[in-house]
Amino acid sequence: EKALMTEEPSGVPALSGRARAGTLQGSAYALLKTGDAARAARVAEEARTLAGSDDPALLARILNTLSIIHYRDNRHREALAGWQEALACARQAGDRHLTLMIAHNLGLPHAVLGDLRRAAECFQILTGPDNARLGPEEGAAYLNLARIATLSGDYARAAEHLGDAREISHKRRFQAVAPHA
């Protein structure tokens, strides 16, 4: 929050433009993680206003944060639209990792809105052969795919996905990703 002050006590001018927008985006995400969604939304909206369209990766991150807020607030259609815009920005920026993360998030409102086929397509983007990364997001994608398979009655596939999530959890020592027995 010090970086966002109008002027530092030392007389150093405050951040402005894209630097301020990026700092606000990080602050909004941190506020979201600490449970202050209302403040996170206000800060993210300010970041969006300052960001403009010159930095599509920054705009994608801001839109992602806003979409998470909308999703958690049960505003699923707004979240869906925000993540679609964020995905286009991430692709425009050429940021592969950000594109994968947003594509996965896009599956969440599809699932809630009942389009399980589209949700599975989004989650599979993180679990496909193009993504060699094995982090918590990939573990969550396997858990989401297991839920969809279970709802579809495909218990063998659900078990495979749970096994993949468990393997990631053990390799990386992630407690939160481990399926509960």
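Residues numbered from 1 in each chain as written. Predicted model: local features only at pLDDT ≥ 70, side-chain atom pairs only at ≥ 80, totals over all residues. Heavy atoms only, no water.

## Observations regarding the overall build of the protein
Per the secondary structure count, the protein includes eight helices and zero strands. Taken from N to C terminus, the helices and strands of the protein fall in the order α-α-α-α-α-α-α-α. By the burial criterion, 42% of the 181 residues in the protein qualify as buried. In the protein, once contacts between residues fewer than 6 apart in sequence are set aside, the share between residues at least 24 apart is 47%. Accessible surface, the protein: about 10100 Å² in total, of which carbon and sulfur atoms supply 51%. (Helix = DSSP H or I, 4+ residues; strand = E, 2+ residues; numbered from the N terminus. Buried < 20%, exposed > 50% of the residue type's maximum accessible area, 1.4 Å probe, protein only. Contact = heavy atoms within 4.5 Å. Areas by Shrake-Rupley, 256 points an atom, 1.4 Å probe, with all protein chains shown as cover.)

## Thoughts on the packing of aromatic side chains
Here the structure, examined in full by the defined rule, presents one aromatic pair. Look at Tyr71 and Trp83: their rings are 6.0 Å apart centre to centre, the planes differ by 50°, and that puts the pair in the tilted class. Placement of Tyr71 in helix 3 (residues 56-72) and of Trp83 in helix 4 (residues 76-93) is noted, with a sequence separation of twelve residues between them. By relative accessible area, Tyr71 is classed as partly exposed at 22%. (Phe/Tyr/Trp six-rings, centres within 6.5 Å; stacked < 30°, edge-to-face > 60°.)

## Looking at the confidence of the model for the protein
Detailed reading of the predicted model is not advised wherever pLDDT is low. Confidence along the protein averages 86 in pLDDT terms, with 86% of residues attaining 70 or more. Mean pLDDT per element in the protein: helix 1 (residues 17-33) is the minimum at 86, and helix 4 is the maximum at 96. In this model residues 177-181 is a low-confidence stretch, pLDDT under 50, and it forms eleven contacts with partners more than four residues away in sequence or in other chains. (pLDDT = per-residue confidence, 0-100.)

## Considering the environment of Thr23
Along the chain, the position of Thr23 falls in helix 1. Between the C-alpha atom of Thr23 and that of Ala47, which follows or precedes it by 24 residues, the distance is 8.1 Å.

## Re the pattern of salt bridges
Where side chains of opposite charge bring their charged atoms close, a pairing between them can arise. Across all of its chains, the model carries eight salt bridges by this definition. In this structure, Glu46 and Arg20 form a salt bridge, with 3.6 Å as the shortest nitrogen-oxygen distance. Remark: Arg20 occurs in helix 1 and Glu46 occurs in helix 2 (residues 37-51); sequence separation between them is 26 residues. Classification of Glu46 as partly exposed rests on a relative accessible area of 35%. Among the ionic pairs, Arg157 bridges to Asp154, the shortest N-O distance being 3.9 Å. Overall, Arg157 belongs to the partly exposed group, its relative accessible area being 43%. Among the charged side chains, a network of salt bridges with common partners joins Asp73, Arg75 and Glu78. (Salt bridge = Lys/Arg side-chain N within 4 Å of Asp/Glu carboxyl O.)

## Some details on the nonpolar core
Generally speaking, soluble globular proteins have nonpolar side chains that are buried together. Ala60, Ile62, Trp83, Ile102, Leu106 and Phe123 are the most contacted members of the largest nonpolar core, which totals 36 residues. Going through the elements one at a time, helix 1, helix 2, helix 3, helix 4, helix 5 (96-112), helix 6 (116-127) and helix 7 (136-151) are the ones with two or more residues in this core. If you tally residues by element for this core, the top one is helix 3, at eight residues. For Leu106, the contacting residues outside a window of four places in its chain are Leu80, Trp83, Gln84, Leu87, Arg118 and Cys122. (Core = buried A, V, L, I, M, F, W, Y, C linked by side-chain atoms within 4.5 Å.)

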